[in-house]
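Chains, contacts and geometry: an overview
Here's the letter readout for the chains.
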Amino acid sequence: MNGWINSFIENSIQCWGCGVFDRLIQLVSGVASSVYSSMAQICILLFIFLFTVFIFNAFWKNLKGGASDPMFSKSVQKVFLNSLVCMTLLGAGVLLPRVVTTVIFEPVAEITTLYSQSMINLSAEDVNETVTYEALEMNNDGIYRPEFRDKVIQLMKTTVTQFQSYVKLGVALMDNAFSWKNLFSGSSNIIANILKHLILFFIGLFLTWEFIKLFLKYCFYFADTVIAMAFFALFFPISLMTMAFKDAEYVPEWIGKLGGDIGTQQIKKLINSIVTLGSAVIGYTVIMVIIAKFFSSPDVEASGLVNAITTGEIYGESLDMENLQSMTLFTFVAMLFILRYVFAQIPEITKMILSAFSVQTEDTHSEKLANFAKESVQNVKKFVKTGAEIFSKKKTDDGATTGETK
């Protein structure tokens, strides 16, 4: 592969979503920090209301149950003692959610990044060399620290390096398809060789296009992380307030559900969204093992070629054509259909891998946003095409009218 093509791919496939994510996380962190004290005051008033409702509910159910807990030690007393702790923590201000993000979310982002980089044998320096986005300056007085932002962006950049490498693989196949060395080797039938390598060229084109589409889709993956971060930061005071009712008897079901939906569930969703950002590296490495087996020597393990692909050091001459030269025209066509099937199974493969880490990816906002963008582009294309057809027809009709007038 020529150096200028390699450079063109690296310059074109960059972390397009990093800049948007960078600005949004600063916005979410700053806004949540500025309204935190007001939210805390609202939560205190809300707790007084909920506690009053809870006392009446506990008193009524305790009477109906034969006064099994006359001192209300498992209900009212427990909530009262819990509330002293929760209200004290609520008065600590932004310090508490910053501690939570530092202790829980930052390690998750760092471990996911290190795991992804170790799988593809890249260091942070290698990633920064090929994906050149640099984080903007960020104030250190918000809910989220700049270190957390930097770790998530580093994870996104690590995944982008793999899209660069996968596109390079497709270009390497196209580059190798019509090399003089491989075009006239193998079968003595020159026409069969040309047809086989023509299919090989389209396989390379197919791989390139499919990975570019996956890359464009990945550019929207940060949406789930931003939304989960916004919900956690803005509703943290409410989730802290509802913890006062945790494990107490006679708590109305809707109060317990409120605490779960905006408390622990938001923490899980944010962790899931961070891990999902690295899912492309985990899932697509499996695809690379399958693809690399076609283009490695029969007596050599494909791990060396997988490493060349994932590190981006893949060139046309790196591919072994011995397997391909022994393949018939029919098996080439079958190979193309196999690759199409493998690409169609990427979402399922990713879900299977992530399920091992108890990460849920169903009904994500990023998928909806990516599909909406895809549909918008298709609608614009249809609109332009329809407009061009109408304009062309009108021009033809005007020409015919002019001819009749003459």
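Residues numbered from 1 in each chain as written. Predicted model: local features only at pLDDT ≥ 70, side-chain atom pairs only at ≥ 80, totals over all residues. Heavy atoms only, no water.

1. Remarks on the overall build of the protein chain
Of regular secondary structure, the protein chain possesses 17 helices and zero strands. The 406 residues of the protein chain split such that 46% are buried. Surface exposure of the protein chain reaches about 21500 Å², of which carbon and sulfur atoms provide 65%. (Helix = DSSP H or I, 4+ residues; strand = E, 2+ residues; numbered from the N terminus. Buried < 20%, exposed > 50% of the residue type's maximum accessible area, 1.4 Å probe, protein only. Areas by Shrake-Rupley, 256 points an atom, 1.4 Å probe, with all protein chains shown as cover.)

2. What about the packing of aromatic side chains?
The tally for this structure, following the rule as stated, stands at 14 aromatic pairs. With a centroid separation of 5.6 Å and an interplanar angle of 50°, the aromatic rings of Phe47 and Phe245 are classed as tilted. Of this pair, Phe47 sits in helix α2 (residues 16–64) while Phe245 sits in the loop between α9 (222–242) and α10 (253–262), and the two are 198 residues apart along the sequence. Grouping residues by exposure puts Phe47 and Phe245 together as buried. (Phe/Tyr/Trp six-rings, centres within 6.5 Å; stacked < 30°, edge-to-face > 60°.)

3. Thoughts on the pattern of salt bridges
Side chains that differ in charge, positive against negative, can pair when their charged atoms come close. As enumerated under the stated definition, the model contains seven salt bridges in all. Residues Glu10 and Lys168 are paired through a salt bridge, measuring 2.8 Å at the closest nitrogen-oxygen approach. Here the residue Glu10 occupies a position in helix α1 (residues 3–12), and Lys168 occupies one in helix α6 (residues 146–177), the gap between them amounting to 158 residues. Ionic contacts of the salt-bridge type, sharing partners, join the residues Glu106, Arg145, Glu147 and Lys151 into one network. (Salt bridge = Lys/Arg side-chain N within 4 Å of Asp/Glu carboxyl O.)

4. Details of the environment of Asp22
Checked against the element boundaries, Asp22 lands in helix α2. Under the relative-accessibility criterion, Asp22 is labelled buried at 0%. Each C-alpha atom, one on Asp22 and one on Asp150, is 8.8 Å from the other, the two residues being 128 residues apart in sequence. Leave out the neighbours within four places in its chain, and Asp22 touches Tyr133, Ala135, Leu136, Arg149 and Ile153. Within the local environment of Asp22, its side chain forms a polar contact with the side chain of Gln26, the two groups lying 3.1 Å apart. (Contact = heavy atoms within 4.5 Å. Polar contact = N/O pair within 3.5 Å; in protein donor to acceptor, adjacent residues only side chain to side chain.)

5. Some words on helix α3 (residues 76–90)
With 15 residues, α3 extends 20 Å between its outermost C-alpha atoms, agreeing within 8% with the 21 Å of an ideal straight helix rising 1.5 Å per residue. Of all the residues in α3, the buried ones are Val76, Val79, Ser83, Cys86 and Leu90. Where α3 is buried, its residues touch α2 and α9. (Expected span 1.5 Å × (residues − 1).)

6. Let's talk about the confidence of the model for the protein chain
Mean pLDDT for the protein chain: 75, with 64% of residues reaching 70 or above. When mean pLDDT is taken per element in the protein chain, helix α5 (residues 124–130) scores highest with 89 and helix α14 (residues 322–325) scores lowest with 53. (pLDDT = per-residue confidence, 0-100.)

7. Here's the deal with helix α4 (residues 95–119)
An ideal rise of 1.5 Å per residue puts 36 Å on 25 residues; α4 measures up with 36 Å between its terminal C-alpha atoms. The largest bend in α4 is about 30°, located at Thr102. A positive phi of about 60° marks Asn121, the residue just after α4. (Bend = angle between axes of the 7 residues up to and from the residue.)

8. Describing the nonpolar core
Core analysis: the biggest nonpolar cluster contains 77 residues, and Phe21, Phe54, Tyr144, Phe148, Met156 and Phe245 have the highest contact counts within it. Elements supplying a minimum of two residues to this core: α2, α3, α4, α6, α8 (190–218), α9 and α11 (264–277). If we skip the residues at most four places from it in the chain, Phe21 touches Arg149, Val152, Ile153, Met156, Phe222, Thr225, Val226 and Met229. (Core = buried A, V, L, I, M, F, W, Y, C linked by side-chain atoms within 4.5 Å.)

9. Overview of the packing of α3 against α9
Two elements in contact, α3 and α9, have axes separated by 8 Å at closest approach and are oriented at 160°. Taken together, the axes of α3 and α9 lie roughly antiparallel to each other. At the point where α3 passes α9, the crossing takes the right-handed sense. Between α3, through Cys86, Met87, Leu89 and Leu90, and α9, the contact on the second element is made entirely by Pro237, Leu240 and Met241. Across the contact of α3 with α9, the residue classes break down as seven nonpolar, no polar and no charged. (Axes fitted to C-alpha atoms, helices over the stretch in contact; angles between N-to-C directions. Parallel < 35°, antiparallel > 145°, perpendicular 65-115°, else oblique. Left-handed = near helix turned anticlockwise from the far one by under 90°. Nonpolar A, V, L, I, M, F, W, Y, C, P; charged D, E, K, R; others polar.)

10. With respect to the environment of Ile120
If you trace the backbone, Ile120 turns up in the loop between α4 and α5. The exposure class assigned to Ile120 is buried, which follows from its relative accessible area of 1%. Taking C-alpha positions, Ile120 is 9.9 Å from Thr159, a pair spaced 39 residues apart along the chain.

11. Re the environment of Asp141
Structurally, the position occupied by Asp141 is in the loop between α5 and α6. With a relative accessible area of 55%, Asp141 lands in the exposed category. Asp141 sits 47 residues away from Val94 along the chain, and the two C-alpha atoms are 8.5 Å apart. Excluding residues within four positions of it along the chain, Asp141 makes contact with Ser33 and Arg98.

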